[in-house]
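# Structural characterization, general
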Amino acid sequence: MSALFNVLVAVAVVALILVRQFKPQQLGGDGRKWWIIPAVLVFFAVKNGGLVDQHHQAGSIALLGAELVTGVLMGVGWAWTSKIWTEPDGTVWSRGTKATAGIWVLGIALRVGLAGLGALAGIHLGTGAILVALAASLLVRGALLMWRARPALASYGVAAASPAQQVWKDRV
């Protein structure tokens, strides 16, 4: 039942990401929410165990490492191919592009290839590996988007370096 739950969580998160990534999404707020979903994914992945195949420890660790590298590279690709812009009111927005969709397709193909290699070698990784790799993708994407948007967010008063540097507007 826990493997089915992990698969359902992964499918739900991927659907949420796809919808959110390809429609305009406002960046900013308190700047801390981007890491919550990755943290939840890692929690579910670690909670159920099975990240490493006990019968093929070295191979499964290598495969998990390859999954994580793929996840990090996907996150970098998503972040760098996303469009970021500032509206006249100062709000900062992002949206995935056609190149972002290409990164999705390439990343899924790489993950299917890794799963195939693992199956050929007799390595069984649980669904936790998928959740951890997805969390890595989201964490890197969120961090890079916030980093790329930092100058615009700072001028909007969201991510200024210190409270003394923030520009507050008086209420009317």
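Everything here concerns the structure above.
Throughout what follows, the structure given in this document is the object of discussion. Note that the structure is predicted; figures quoted are calculated from it, not measured. (Residues numbered from 1 in each chain as written. Predicted model: local features only at pLDDT ≥ 70, side-chain atom pairs only at ≥ 80, totals over all residues. Heavy atoms only, no water.)

### Some points on the nonpolar core
In this structure, Val9, Val13, Ile17, Leu41, Leu131, Leu134 and Leu138 are the most contacted members of the largest nonpolar core, which totals 22 residues. Considering every element that reaches this core, the biggest residue donor is helix 5 (residues 127-156), with six residues. Discounting residues that sit within four places of it in the chain, isoleucine 17 has contacts with Trp104, Leu134 and Leu138. By size, the runner-up hydrophobic cluster in this structure holds six residues, among which are Val92, Ala149, Ala152 and Leu153. (Core = buried A, V, L, I, M, F, W, Y, C linked by side-chain atoms within 4.5 Å. Buried < 20%, exposed > 50% of the residue type's maximum accessible area, 1.4 Å probe, protein only. Helix = DSSP H or I, 4+ residues; strand = E, 2+ residues; numbered from the N terminus. Contact = heavy atoms within 4.5 Å.)

### Some thoughts on the pairing of strand 2 (residues 83-86)
For strand 2 and strand 3 (residues 92-95), the ladder comprises four bridges, and the chain directions are antiparallel. Each residue of the ladder has a partner; that of threonine 86, found in strand 3, is valine 92. Connecting strand 2 to the next strand, strand 3, in antiparallel fashion are five residues, including glycine 90 with a positive phi near 95°. (Pairing = 2+ DSSP bridges.)

### So, the packing of helix 3 (residues 57-81) against helix 4 (residues 98-120)
In contact at an axis separation of 9 Å, helix 3 and helix 4 are set at 175° when each is read in the N-to-C sense. Taken together, helix 3 and helix 4 sit at an angle that is classed as roughly antiparallel. Of helix 4, the residues touching helix 3 (which contributes Leu63, Ala66, Glu67, Thr70, Gly71, Met74, Gly77, Trp78 and Thr81) are Ala99, Thr100, Ile103, Trp104, Gly107, Leu110, Arg111, Leu114 and Gly118. In terms of residue class, the contact of helix 3 with helix 4 is made up of nine nonpolar, seven polar and two charged. (Axes fitted to C-alpha atoms, helices over the stretch in contact; angles between N-to-C directions. Parallel < 35°, antiparallel > 145°, perpendicular 65-115°, else oblique. Nonpolar A, V, L, I, M, F, W, Y, C, P; charged D, E, K, R; others polar.)

### A word on the sheet that holds strand 3
Taken together, the three strands give an open sheet; going across it, the order is 1-3-2, and neighbouring strands pair in antiparallel fashion. Of all strands in the sheet, those with a lone pairing partner are strand 1 (25-27) and strand 2, marking the two edges. The average undirected angle you get between the axes of adjacent strands in this sheet is 35°. The pairing of strand 1 with strand 3 spans three bridges and is classified as antiparallel. Counterpart to glutamine 25 in the pairing with strand 3 is serine 94.

### Observations regarding the packing of aromatic side chains
Tallied over the full model, the rule gives three aromatic pairs. With a centroid separation of 5.5 Å and 65° between ring planes, the pair formed by phenylalanine 43 and phenylalanine 44 is classed as edge-to-face. A centroid spacing of 4.5 Å and a plane angle of 20° characterise the contact between tryptophan 78 and tryptophan 104, whose relative ring orientation is stacked. Taken together, the residues span a long stretch of sequence, with tryptophan 78 in helix 3 and tryptophan 104 in helix 4 at a distance of 26 residues. Positioned over the ring face of tryptophan 85 is lysine 83, at 5.3 Å from the centre of the ring. (Phe/Tyr/Trp six-rings, centres within 6.5 Å; stacked < 30°, edge-to-face > 60°. Lys NZ or Arg CZ within 6 Å of the ring centre and 35° of its normal.)

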